[in-house]
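Working through the structure, step by step
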Amino acid sequence: MTSARRFSLARATAFTALVSALLGACAQLQPSASERDALRAAFVLLGEEGAPIARAITTAAACPELVVDGVARSMTVRAPAANIPLRPTRSTPAESKPSAFPVLVCEAPLPSGAARATVAGRALPVPKATPQRIAVIGDTGCRLKGSDAVFQACNDPNAWPFADVAAAAAAAGPDLVIHVGDFHYRENACPPGNSGCAGSPWGYGWDTWDADFFTPARRLLAAAPWIVVRGNHESCDRGGQGWWRFLDPRPFAAGRDCNDAANDTIGDFSEPYAVPIAADTQFLVFDSSKVGVDPLLATEPLYRTYTAQLREAFALANRRPGVHNLFMNHHPILAFAPNPRTVPTGLYPGNGSLQSVLRPINGEMLFPRSVDAVLAGHVHLFEMVSYATAHPTQIVSGNGGAWADVPLPSALPPGATPSPGATIESIVSTNRYGYLLLERGAAASGAWRLEERDRQGRLFTTCTLRDGKTRCAPEALP
């Protein structure tokens, strides 16, 4: 055999070995059918300082593999499958039950600049460096609550339209999704003979979380990373166990998991954090899940806790000059809620508990001037309130699917205000289901275009936000 032929044969052998190795590596990165079938949810959360976290929920015995830009990475167990004994809840023991979590929750940090990522073959949305289009939803679950005798027709997509809202928001092509709280509403069993909710899971276990949130939100979870805000329905005596297992971006730790009511003073609170989305813009995430309605006394533990946490949040807001901040919590501080007992003119003002804590920190304006807008849910409607005074705009996006509130009156009573010293310049609202789309303006302007859209994605109204003030199109919302 000539030397040239031997060299050619050697090259062919080496090439064949290389192809075989590459094929073998690719085969190892391919998930098995059982891994794909076991995957129940996969999504990306943005935590402190915008750090992206890949999270997976699976019925498999081990965590699936995360593949980022062709490189396999291990996921760690966040929370093992478990059956949690019955703990005190907002309902009577007879209307409560233990929480079953027959799923493994896994997570892993996503490296900065990742271009592609999959979990068990399912594509994950990777963060964009400067997200422009942001979908905002809130109060999305289906209300089943015995104490109020309210049982929403969860089986009827017209009566509980969260799946439609989520699909419409996903179709809008957001770069980021914000949920302003209250993911879970199915607290009590559907009454016998009620066809609207017959067969619905209830309680605080995985089956209810899946039905109320993960299944209807699947398209939107796949569309973009999420920032999640904790609502009162995720407090420890309600859906807090699932909140800590599935959604909170912080580490899952014994004692703050809401399993033991003796630890609720830990599990019901969490520190604020910032999510920068550009050099000049950031979101501030604040956990108000345990807040009440009435003003707090300075001697109350809740007052002291929220005072310390709000000071921390405002330190984040003011850490760099010129940064535009959007403060996010669940309970509206500078917006109205309708009072159904005195419709059509009845109104509840903004949250008195948080106002009582904010006033000693920032005076009558409640917020520092570095906060352009306050974003919340809790009230089951869309509401936009802009002020002639120096108060930030209050936005409420709580019309994502839960039992809708009655509408606000078409004209406010004379002198109506959510907070003493706050003079309303304009207000728009609707109790129709939908979502909010925020779109950032030119760099360093702090301006936003806001579109309120209905459950099919049809436009309700368009607004602009700049320097804390909002102007909306003249057409009235339905």
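Relevant structure appears above.
Position numbers for residues count from 1 along each chain, tracking the sequence in the order it is written. Whole-chain, interface and lining totals are the exception, using all residues; otherwise, since this is a predicted model, local features are given only for residues with pLDDT of at least 70 and side-chain atom pairs are given and counted only at 80 or more. Processing note: side-chain calculations cover all non-hydrogen atoms of the structure and skip hydrogens and water entirely.

1. Some thoughts on unusual backbone geometry
What counts is decided by this rule: The cut-offs for exposure are 20% and 50% of the maximum accessible area for each residue type, with area from a 1.4 Å probe on protein chains only; residues under the lower value are buried, those over the upper are exposed, and the others partly exposed. Strands are runs of DSSP state E lasting at least 2 residues, helices are runs of H or I lasting at least 4, and numbering of each runs from the N terminus.
In this structure, Asp-139 takes a positive phi of about 55° despite not being glycine. The exposure class of Asp-139 is buried, given its relative accessible area of 0%. At Asp-182, a position not held by glycine, the phi torsion is positive, near 70°. Position of Asp-182 among the secondary structure elements: in the loop between strand 14 (176–179) and helix 4 (206–214). Residue class for Asp-182 comes out buried when judged on its relative accessible area of 1%.

2. Quick word on the environment of Thr-265
Along the polypeptide, Thr-265 turns up in helix 7 (residues 264–267). The class of Thr-265 is exposed, set by a relative accessible area of 64%. Thr-265 sits ten residues away from Gly-255 along the chain, and the two C-alpha atoms are 9.4 Å apart.

3. A look at the state of the cysteines
Cut-off, in case you're wondering: For this text, the term disulfide refers to a pair of cysteine sulfurs within 2.5 Å.
Across all of its chains, the model carries five disulfides by this definition. Two residues share a disulfide in this structure: Cys-63 and Cys-106, whose sulfurs sit 2.1 Å from each other. In this structure, the disulfide formed by Cys-63 and Cys-106 twists by about -90° around the S-S bond and is classed as left-handed. Here Cys-63, found in the loop between strand 2 (52–58) and strand 3 (66–68), pairs with Cys-106, found in strand 8 (residues 104–109); they are 43 residues apart in sequence, far enough to count as distant.

4. What about the sheet that holds strand 17 (residues 281–285)?
What counts here: Criterion used throughout: strands pair if DSSP finds at least two bridges between them. Axes here refer to lines fitted to C-alpha atoms; in helices the fit is confined to the stretch in contact. Angles between the N-to-C directions go from 0 to 180 degrees. Residues count as neighbours in contact if any of their non-hydrogen atoms are within 4.5 Å of one another.
Ordered by their spatial adjacency, seven strands build an open sheet running 16-17-18-21-23-22-24, and the pairing between neighbours is mixed. Taken across any chain shown, the strands that pair with only one partner, and hence form the sheet edges, are strand 16 (273–278) and strand 24 (424–430). Averaged over all pairs of adjacent strands, the angle between their axes in this sheet comes to 15°, without regard to strand direction. Relative to the sheet, helix 8 (residues 301–317) contacts strand 16, strand 17 and strand 18 (324–328), its axis offset from that of strand 17 by approximately 170°.

5. Notes on the nonpolar core
Worth spelling out the cut-off: Side-chain atoms within 4.5 Å are what join buried Ala, Val, Leu, Ile, Met, Phe, Trp, Tyr and Cys residues into a set we call a nonpolar core.
In terms of nonpolar packing, the biggest core is built from 46 residues, with Phe-213, Phe-214, Trp-226, Phe-246 and Leu-247 touching the most fellow members. Those elements that provide at least two residues to this core are strand 1 (39–46), strand 11 (133–137), helix 3 (162–171), helix 4, helix 5 (218–223), strand 15 (226–228), helix 6 (240–247) and strand 25 (434–440). Take this core: its biggest share by element is six residues, from helix 3. Sequence-distant contacts of Trp-226, defined by excluding residues within four places in its chain, comprise Val-44, Leu-45, Leu-46, Ile-137, Leu-176, Val-177, His-179, Phe-213, Leu-220 and Leu-221. Listed in part, the 37 residues of the second largest apolar core include Leu-296, Ile-333, Ala-335 and Val-385.

6. Let's talk about the packing of helix 4 against helix 6
As a reminder, the rule being used: Working rule for angles: under 35 degrees goes down as roughly parallel, over 145 as roughly antiparallel, 65 to 115 as roughly perpendicular, anything else as oblique. By definition, turning the near helix anticlockwise from the far helix through less than a right angle yields a left-handed crossing, and turning it clockwise yields a right-handed one. Only Asp, Glu, Lys and Arg are considered charged, only Ala, Val, Leu, Ile, Met, Phe, Trp, Tyr, Cys and Pro nonpolar, and every remaining residue, Gly among them, polar.
Between helix 4 and helix 6, the shortest axis-to-axis distance is 11 Å and the interhelical angle comes to 70°. Taken as axis vectors, helix 4 and helix 6 run roughly perpendicular relative to one another. By crossing handedness, the relation of helix 4 to helix 6 is classed as right-handed. On helix 6, the residues touching Trp-206, Trp-209, Phe-213 and Phe-214 of helix 4 are Gly-242, Trp-243, Phe-246 and Leu-247. In terms of residue class, the contact of helix 4 with helix 6 is made up of seven nonpolar, one polar and no charged.

7. Quick word on the sheet that holds strand 10 (residues 122–123)
A sheet is described by the order of its strands in space; here four strands give the open sequence 4-3-9-10, paired in antiparallel fashion. Looking at which strands have only one partner, the edges of the open sheet turn out to be strand 4 (71–73) and strand 10.

8. Observations concerning the pairing of strand 28 (residues 469–472)
Two elements, strand 27 (residues 459–466) and strand 28, share four bridges in a ladder whose sense is antiparallel. Among the inter-strand pairings, Thr-464 is bridged to a residue of strand 28, identified as Arg-471.

9. A look at the side chain of Ser-356
Assignment of secondary structure puts Ser-356 in helix 9 (residues 352–362). Residue contacts for Ser-356: discarding those within four places in its chain leaves Pro-295, Leu-296 and Tyr-303.

10. Let's talk about helix 3
The element helix 3 is largely enclosed, with a buried count of seven among its ten residues. Where helix 3 is buried, its residues touch strand 11, helix 4, helix 5, strand 25 and strand 26 (448–454). Gly-173 sits one or two positions beyond helix 3 and adopts a positive phi of about 70°.

11. Observations regarding the side chain of Asp-268
Convention followed: Any pair of N or O atoms that falls within 3.5 Å is considered a polar contact. Within protein, one atom must be able to donate a hydrogen and the other to accept it, and sequence-neighbouring residues count only if both atoms are side-chain atoms.
When you line up the elements, Asp-268 lands in the loop between helix 7 and strand 16. Here Asp-268 falls in the buried class, since its relative accessible area comes to 4%. Within polar-contact distance, the side chain of Asp-268 engages the backbone nitrogen of Cys-236 at 2.7 Å. The residues contacting Asp-268, other than those within four sequence positions of it, are Arg-230, Ser-235, Cys-236, Asp-287, Ser-289 and Lys-290.

12. Overview of the environment of Cys-106
Take Cys-106: its relative accessible area is 0%, and that puts it in the buried class. Between the C-alpha atom of Cys-106 and that of Arg-55, which follows or precedes it by 51 residues, the distance is 5.6 Å. Excluding residues that lie within four positions of it along the chain, Cys-106 makes contacts with Ala-54, Arg-55, Ala-56, Thr-58, Cys-63, Pro-64, Met-75, Thr-76, Val-77 and Arg-78.

13. Regarding the pairing of strand 27
Of the strand pairs in this sheet, strand 26 and strand 27 are connected by six bridges, and their pairing is antiparallel. In the strand pairing of strand 27, Glu-452 is matched with Thr-461. Connecting strand 26 to the next strand, strand 27, in antiparallel fashion are four residues, including Gly-457 with a positive phi near 90°.

14. A short note on the packing of helix 8 against helix 9
Running from amino to carboxyl end, helix 8 crosses helix 9 at an angle of 50°, the nearest separation of the two axes being 10 Å. It follows from the interaxial angle that helix 8 and helix 9 lie oblique. As helix 8 runs across helix 9, the sense of the crossing is right-handed. Where helix 8 approaches helix 9, its residues Tyr-303, Tyr-306, Thr-307, Leu-310, Arg-311 and Phe-314 are matched on the opposing element by Leu-354, Ser-356, Val-357, Leu-358, Pro-360, Ile-361 and Asn-362. When the residues that make up the contact of helix 8 with helix 9 are grouped by side-chain class, the tally is nine nonpolar, three polar and one charged.

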